[in-house]
Amino acid sequence: MASMYTMLIKGYTDYDVATKTGLGGTKICFDAMTNNQIDLYPEYTGTGLLAILQPSQKDIDAVTGDKEKTYTYVKTAFEKRYHIKWLQPIGFNNAYALMMRKKQAGDLGVKTITNLKQYLERK
């Protein structure tokens, strides 16, 4: 992603670009941004919500499951709290998934995460 952003910024602006890669995860990148050590980094709205903003469970419940509500909440809160502007989403998704051995899933009747939840609740 760093290379993609570098090419886009150089291709469409007159900005000088210095790319820093391998900085680490959200905490390191967010701290670097709030300390003016970097100007841009990609972040998931869910990570911004849960790891950085850490809102109340009521606020989490109000936006969970609706990507537009989540984005609007995170965008507004970051601008208000940190004076950081969120750009429009780039369409990249990091949905969570689980894996299970095929035989075990068949034995347990698990085809979906909901099936797994139901199985675990019966135990």
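Quick caveat: nothing in here was measured; it's all calculated off a predicted structure.

Within the protein, the secondary structure is distributed over seven helices and zero strands. A compact globule built from 123 residues would reach a C-alpha radius of gyration of about 14 Å, whereas the protein, at 19 Å, exceeds it by more than 25%. If one aligns the C-alpha atoms of the protein with their principal axes, the spans along those axes are about 60 × 35 × 25 Å. A burial count over the protein gives 21% of its 123 residues as buried.

As a further point, take the pattern of salt bridges. The full count for this structure, using the stated rule, is four salt bridges. Lys27 is the salt-bridge partner of Asp31, the closest N and O atoms lying 2.8 Å from each other. Residue Asp31 and its partner Lys27 are both found in helix H2 (residues 26-34); the two are separated by four residues, about one turn of the helix. Among the residues examined, Asp31 registers a relative accessible area of 27% and is labelled partly exposed.

What the rule picks out here adds up to five aromatic pairs. Each ring, one from Phe30 and one from Tyr82, has its centre 4.9 Å from the other, and the planes form 80°; the classification is edge-to-face. Taken together, the positions of Phe30 in helix H2 and Tyr82 in helix H5 (residues 67-82) put the pair 52 residues apart, joining distant regions of the chain. Aromatic side chains Phe78 and Tyr82 sit 5.4 Å apart centroid to centroid with 55° between the ring planes, which places their arrangement in the tilted category. Pair noted here: Phe78 and Tyr82 are both in helix H5, with a separation of four residues, about one helical turn.

This part covers a nonpolar patch on the surface. Residues Met1, Met4, Met7, Leu8, Tyr12, Tyr44, Ile90 and Phe92 make up a contiguous nonpolar surface patch of roughly 900 Å² in combined accessible area. Its place among the elements puts Tyr44 in the loop between H2 and helix H3 (45-53).

Our focus in this paragraph is H3. For an α-helix, the turn length of 3.6 residues means that residues three or four places apart are oriented alike. Every buried residue belonging to H3 is among Gly48, Leu49, Ile52 and Leu53, and all of these are buried. Angularly, the buried residues of H3 cover 120° about the axis, an arc narrow enough to put them on a single face. The secondary structure elements touched by the buried residues of H3 are H2, helix H4 (57-63) and H5.

In this section: the side chain of Thr6. Relative to the helices and strands, Thr6 resides in helix H1 (residues 2-12). Residue classification places Thr6 among the buried residues on the basis of a relative accessible area of 14%.

About the thresholds
Residues numbered from 1 in each chain as written. Predicted model: local features only at pLDDT ≥ 70, side-chain atom pairs only at ≥ 80, totals over all residues. Heavy atoms only, no water. Helix = DSSP H or I, 4+ residues; strand = E, 2+ residues; numbered from the N terminus. Rg over C-alpha atoms; globule rule 2.2 N^0.38 Å. Buried < 20%, exposed > 50% of the residue type's maximum accessible area, 1.4 Å probe, protein only. Salt bridge = Lys/Arg side-chain N within 4 Å of Asp/Glu carboxyl O. Phe/Tyr/Trp six-rings, centres within 6.5 Å; stacked < 30°, edge-to-face > 60°. Patch = residues over 30% accessible without salt bridge, like charges linked within 9 Å, V, L, I, M, F, W, Y side chains within 5 Å. Areas by Shrake-Rupley, 256 points an atom, 1.4 Å probe, with all protein chains shown as cover. Arc of directions from axis to C-beta. Contact = heavy atoms within 4.5 Å.

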